[in-house]
Amino acid sequence: MTRVLSVASECAPLIKTGGLADVVGALPNAMRDAGVEMRVLLPAYPAVLGQTGSGEIVMEEADLFGGPARVRAVSHSGFELLLIDAPHLYDRPGAIYLGPDGRDWPDNPRRFAALGWMAARIGAEGAGGWHPDVLHCHDCQAGLAPLYLRQRMPHGQRPGTVMTVHNMAFHGLAPPEDLDALRLPRDRFHPDGFEFWDHISTLKAGLVEADRLTTVSPTYARELMTPEFGMGLDGVMRARRAETQGILNGIDTDAWNPATDPEISTYRTVRGKRRAHRELIEEFGLPEGYGPVAVVISRLTEQKGLDLLLDVLPDFLERGGRLALLGSGNADLEQRWREAGDLYAGVSVRIGYDEAQSHRMVAGADAILVPSRFEPCGLTQLYALRYGTIPVVALTGGLADTVIHASPAALTAGVATGVQFWPVSADALLDGLEHLVALHSNPKIWSQMIRNAMRQPVGWNVSAAEYAALYQEIGKPE
Ligand code: ADP
Ligand code: GLC
């Protein structure tokens, strides 16, 4: 059995800001079925310790970037975690990455260097008698682990390393003055190492140092090699093309199951979905109408393209559409969406974060809208498919890989599951919405699409096998 230490800054259901947490939290159980024993290394934020209890101390570090730390082994959600208990770094109010003023914590470079540091130490020494064969590092917060591991152990003896890009937009930047404080080798501070325009980039460190790179969909893997999507690191990605692969995310099909979901009137069929639909219309106070009820569940940021939806909202409503949005993020976008909710009877807006409500929305809607400018994978369209809710998505990243566009050919073959549009512009989005309205008005086509969507496999089976094969290839020799 391959042993893998998964290294990340968030993990559902314990602590989450986005899809990264869902994936990190789903992998250990998915990988067990594929013959991999995975443990998750996570900072012991107060909210996490409150849920897991303090467990057993398996490692101590006298000075973890400015204070003492302990690693605690706990079990939760059916898998094993190692928590870095370092009060000087993690025991504070506020969100994971942001202080109460809404800005990044000024010491984020140290807080997440500490994650990489402890990962490397566990990679080299094991923890509580458990020795990983592979370190699987997620996003920039874990990006320094492969470099620190290399500093500790020669090639051939150390565990293999995988760096997964969930989002290339976050570079993990720190000023060059931090080099010594972060215990980084000055001889690697150059453009072929971890320097990014005179700054330290922990993401780039991971991309340069890890044995293998993955990202969360095959299309995003290709996109990352282009200037349009590479966020300044496309050259690095091109240089590592041979060691890079896209492995599509799955979802937790137990947590997202319309037949058992405790948040809704459960259903198994197209007809059964009607009750959940009525309940959603009531919950959101939407008017009666003839067109599709669409939902959005999203962070409100530039990435998600929801400003474009604001532009075409009147046209969608005019065609009988209605919309319920749940989201939070950028203050300006929150304000614009609140105003749209006040202005249009057919639009209902909830600013906030509400997991239970997101289930009711996915279940009750006719369609989900994901007009992202880029989307490494995207999870909400996968939830939607499972609940027979038709995705309207931009043709990019994982959205391109998970939705079968209702083209004439796909409709004739009876395999369509959604609508894709391109380019990511207001005009093309409106074309997509018009297409949705037309499909929805044809009961035969519409119920066929719902059936197709509900049948599409969105679990982890295929991807877990791909990760297992990858771990096997690079795992530490026995
Ligand atoms: P990203 O990670 O870029 O935010 P994903 O689609 O991969 O995008 O994952 C987003 C996750 O966060 C999904 O599980 C989605 O349901 C959830 N989510 C986003 N915004 C909200 C919200 N306001 N309330 C509840 N869940 C949300
Ligand atoms: C990132 C991406 C999203 C992806 C998620 C999990 O947050 O923005 O597309 O689904 O990570 O991999």
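Residues numbered from 1 in each chain as written. Chains lettered and ligands numbered in written order. Predicted model: local features only at pLDDT ≥ 70, side-chain atom pairs only at ≥ 80, totals over all residues. Heavy atoms only, no water.

Q: Describe the overall build of the chain, listing the residues and the values that go with them.
A: A tally of regular secondary structure across the chain gives 18 helices and 18 strands. For the chain, whose C-alpha radius of gyration is 23 Å, the value lies close to the compact-globule estimate of 23 Å for 478 residues. Structurally, the chain occupies a C-alpha span of about 65 × 45 × 40 Å along its principal axes. For the chain, the proportion of contacts with a sequence separation of at least 24, taken over those separated by at least 6, is 72%. (Helix = DSSP H or I, 4+ residues; strand = E, 2+ residues; numbered from the N terminus. Rg over C-alpha atoms; globule rule 2.2 N^0.38 Å. Contact = heavy atoms within 4.5 Å.)

Q: Could you give me a rundown of the pairing of strand 17 (residues 390-394), with the residues and numbers involved?
A: By the criterion of burial, strand 17 is predominantly enclosed, with five of the five residues buried. On strand 17, burial covers both faces: I390, V392 and A394 on one face and P391 and V393 on the other are all buried. Summarising the sheet, strand 16 (residues 367-370) and strand 17 pair through four bridges and their orientation is parallel. In the strand pairing of strand 17, A367 is matched with I390. Handedness of the strand 16-helix 13 (residues 380-386)-strand 17 crossover: right-handed. (Buried < 20%, exposed > 50% of the residue type's maximum accessible area, 1.4 Å probe, protein only. Pairing = 2+ DSSP bridges. Right-handed = clockwise from strand over helix to strand, strands pointing away.)

Q: Residue-level account of helix 18 (residues 461-474), with values.
A: Along its 14 residues, helix 18 runs 21 Å from first to last C-alpha, staying within 8% of the 20 Å computed at 1.5 Å per residue. Three or more residues of helix 18 are buried, namely S463, A464, Y467, A468, L470, Y471 and I474. In an axial view of helix 18, the angular spread of the buried residues amounts to 165°, which keeps them on one side of the axis. Summarising the geometry of helix 18, the exposed residues directed more than 90 degrees from the buried face are N461, V462, Q472 and E473. (Expected span 1.5 Å × (residues − 1). Arc of directions from axis to C-beta.)

Q: Can you tell me about the site of ligand 2, naming the residues and giving the values?
A: In the neighbourhood of ligand 2, 13 residues make up the surrounding shell, with H166, N249, E375, C377 and G378 lying closest. At a separation of 2.7 Å, an oxygen atom of ligand 2 approaches a polar side-chain atom of H166. Contact distances for ligand 2 include 3.4 Å between an oxygen atom and a side-chain N or O atom of N167. For the shell around ligand 2, the residue count by class is six nonpolar, six polar and one charged. (Near = heavy atom within 4 Å. Polar contact = N/O pair within 3.5 Å; in protein donor to acceptor, adjacent residues only side chain to side chain. Nonpolar A, V, L, I, M, F, W, Y, C, P; charged D, E, K, R; others polar.)

Q: Which residues make up the sheet that holds strand 18 (residues 419-421), and what values go with them?
A: With parallel pairing, the six strands of this open sheet are ordered in space as 15-14-13-16-17-18. On the outer flanks of this sheet lie strand 15 (347-351) and strand 18, each paired with one strand and no other. Adjacent strand axes in the sheet meet at a mean angle of 15° when their direction is disregarded. (Axes fitted to C-alpha atoms, helices over the stretch in contact; angles between N-to-C directions.)

Q: Would you mind going over the site of ligand 1 in detail, with residue names and values included?
A: Ligand 1 sits among 21 residues. The nearest are G19, R299, K304, G352 and Y383. One of the backbone nitrogen or oxygen atoms of D354 is found 3.1 Å away from a nitrogen atom of ligand 1. In isolation ligand 1 exposes 570 Å². Once the protein is present, 93% of that is buried. If you list the elements that add at least two residues to the shell around ligand 1, you get helix 1 (19-33), strand 13 (293-300), strand 14 (322-329), helix 12 (355-364) and helix 13. Among the elements that take part in the shell around ligand 1, strand 13 stands out by supplying three residues, more than any other. (Areas by Shrake-Rupley, 256 points an atom, 1.4 Å probe, with all protein chains shown as cover.)

Q: Run through the packing of helix 10 (residues 306-318) against helix 11 (residues 331-343), naming residues and quoting values.
A: Their axes nearest at 11 Å, the elements helix 10 and helix 11 cross at an angle of 25°. If you check the angle between helix 10 and helix 11, you find them roughly parallel. In the crossing of helix 10 with helix 11, the sense of the turn from one axis to the other is left-handed. Contacts between helix 10 and helix 11 involve L306, D307, L309, L310, D311 and L313 from the first element and L333, R336, W337 and A340 from the second. Within the contact of helix 10 with helix 11, the residues separate by chemical class into seven nonpolar, no polar and three charged. (Parallel < 35°, antiparallel > 145°, perpendicular 65-115°, else oblique. Left-handed = near helix turned anticlockwise from the far one by under 90°.)

Q: Summarise the side chain of D85; cite the residues concerned and give the values.
A: If you trace the backbone, D85 turns up in strand 5 (residues 79-85). In terms of polar contacts, D85 uses its side chain to reach the side chain of R72, at 2.8 Å. If we ignore the near neighbours within four places in the chain, the residues touching D85 are A44, L49, P68, A69, R70 and R72.

Q: Any chance you could break down the packing of helix 16 (residues 426-440) against helix 17 (residues 443-455) for me, citing the residues and the numbers?
A: One can describe the packing of helix 16 onto helix 17 by two numbers: an axis separation of 7 Å at closest approach and a directional angle of 105°. Our classification of the angle between helix 16 and helix 17 gives roughly perpendicular. The residues of helix 17 that touch helix 16, namely those facing L436, L439 and H440, are I445, W446 and M449. Residue classes in the contact of helix 16 with helix 17 are distributed as five nonpolar, one polar and no charged.

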